[in-house]
Structures are given as C-alpha cells and as structure tokens.
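Letter by letter, the chains look like this.
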Amino acid sequence: QGCVWPEFCLPELRGGCAKMASSGGLLPRAKDLVTEEDVKHWVVAAMQASMPEVMKECREVLLFAMQEHKKVLAEQTVLMRQTIEAQSASMIRTLEVQGGTVARLIAFGGLSGICSFLWRDLQGHRRAQYGVAAGYTLGVFGIICWI
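An account of the accompanying structure is given in this report.

## Points about a nonpolar patch on the surface
A contiguous nonpolar surface patch, about 660 Å² in accessible area, is contributed by V39, W42, V43, M47, M51, V54 and M55. By the element assignment, W42 lies in helix α3 (residues 36-121). A residue is classified by how much of its surface remains accessible, and W42, at 53% relative accessible area, is exposed.

## Describing the nonpolar core
Within soluble globular proteins, side chains that are nonpolar generally end up buried alongside one another. L111, C115, V132, V140 and I143 together form the largest nonpolar core, which totals 5 residues. Secondary-structure elements contributing two or more residues to this core are α3 and α4 (126-146). The dominant element in this core, judged by the number of residues it contributes, is α4, at 3 residues. In this structure V140 touches F108 and L111, once residues within four positions along its chain are discounted.

## A few points about α3
Across its 86 residues, α3 extends 117 Å between first and last C-alpha, which sits within 8% of the 128 Å expected from 1.5 Å per residue. The axis of α3 is deflected most strongly, by about 45°, at S50, and proline P52 appears within four residues downstream. For α3, every residue scored as buried is listed here: G100, L111 and C115. On its buried face, α3 is in contact with α4.

## Considering α4
Here α4 contains 21 residues, and its C-alpha end-to-end distance of 30 Å stays within 8% of the 30 Å for a straight helix at 1.5 Å per residue. The complete set of buried residues in α4 reads Q129, V132, G139, V140, G142 and I143. Axial view of α4: buried residues confined to an arc of 165°, hence all on one face. Exposed residues on α4 whose side chains face more than 90 degrees from its buried face are R126, R127, Y130, L138, F141 and C145. Its buried side turned inward, α4 meets α3.

## Brief notes about the packing of α3 against α4
The interhelical angle for the contact between α3 and α4, taken along N-to-C directions, is 175°, at an axis separation of 10 Å. With respect to each other, α3 and α4 are oriented roughly antiparallel. Taken together, the residues of α4 that come into contact with α3 (itself represented by R104, A107, F108, L111, S112, C115, L118 and W119) are Q129, V132, A133, Y136, G139, V140, I143 and I144. Among the residues making up the contact of α3 with α4, the classes are represented as 12 nonpolar, 3 polar and 1 charged.

How each quantity is defined
Residues numbered from 1 in each chain as written. Predicted model: local features only at pLDDT ≥ 70, side-chain atom pairs only at ≥ 80, totals over all residues. Heavy atoms only, no water. Patch = residues over 30% accessible without salt bridge, like charges linked within 9 Å, V, L, I, M, F, W, Y side chains within 5 Å. Areas by Shrake-Rupley, 256 points an atom, 1.4 Å probe, with all protein chains shown as cover. Salt bridge = Lys/Arg side-chain N within 4 Å of Asp/Glu carboxyl O. Helix = DSSP H or I, 4+ residues; strand = E, 2+ residues; numbered from the N terminus. Buried < 20%, exposed > 50% of the residue type's maximum accessible area, 1.4 Å probe, protein only. Core = buried A, V, L, I, M, F, W, Y, C linked by side-chain atoms within 4.5 Å. Contact = heavy atoms within 4.5 Å. Expected span 1.5 Å × (residues − 1). Bend = angle between axes of the 7 residues up to and from the residue. Arc of directions from axis to C-beta. Axes fitted to C-alpha atoms, helices over the stretch in contact; angles between N-to-C directions. Parallel < 35°, antiparallel > 145°, perpendicular 65-115°, else oblique. Nonpolar A, V, L, I, M, F, W, Y, C, P; charged D, E, K, R; others polar.

If you want it as structure tokens, here you go:
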C-alpha cells in the first residue's frame, strides 16, 4: 500500500495517507454521501423530465396500432361482405332452381290431372284418347322447355 504523497512531504501527511488507505481510500464511500432519499428524488426528477417524451412515444404507438387495426377491420369487412354476397348469389340460384322445379311439378300435376279426367271421359273413343295422349306429350315438352 504505497502512499500517493511524494517523498518530500512531511511525515505527518504520509502517516495520514496510510490511515486513509487502510480505511478504504482517499475518497469517501458513495453511500456515505448519497442517501436513499437522494436516489428517490433523482428517480422522481428523471421520471418527470422524461414523462412528456414517454407520453409522446406511447401516443404514437397507440395511433399506429389504431390505424393498423382500422385497416384490418376494413379488410375484414370487405371480405365478409364479399362472402355474404357470394352466399346470397348462391342462395338466389338455389331458390331459382327450386322454384323452377316446384313450378314444373305443379304444371305436371295440373296437366296430368286434366289429361286423366279427359282420358276417363273419352272412354271408348280411341281416336280422342290418342289426341289427349298427344296433347299430354306436347304439354310435357312445353313444360320442360319453357319452365
């Protein structure tokens, strides 16, 4: 433990240097100068000083997140609307096909009912019955082609 005092210094000073070196050094310890209260004040002051910048950055991050969320919602809305439109078009086609089928069934039922009554009424008149059969055949083709 060499003393930092030059050799030409007074011996009393060199003895004090030896005492200081043995007690921990030339400078006082930091915890002797800085108290917990000082640290608390420094932290509070640093937070108060940095708060406007932190708030600004938080606001920017939140605005960016909201804009991205808005874009995602807009895209999802468009996709959902397209899906609903496709489903609606498919349902319309299905209803059209079902409606045509029901109309054909009704038409066949009506044609068959009328021809059946005519066929029974014309019992014994072969030529007239053949006419009803021909009319029924034309009716079937008409129903298939126009309905």
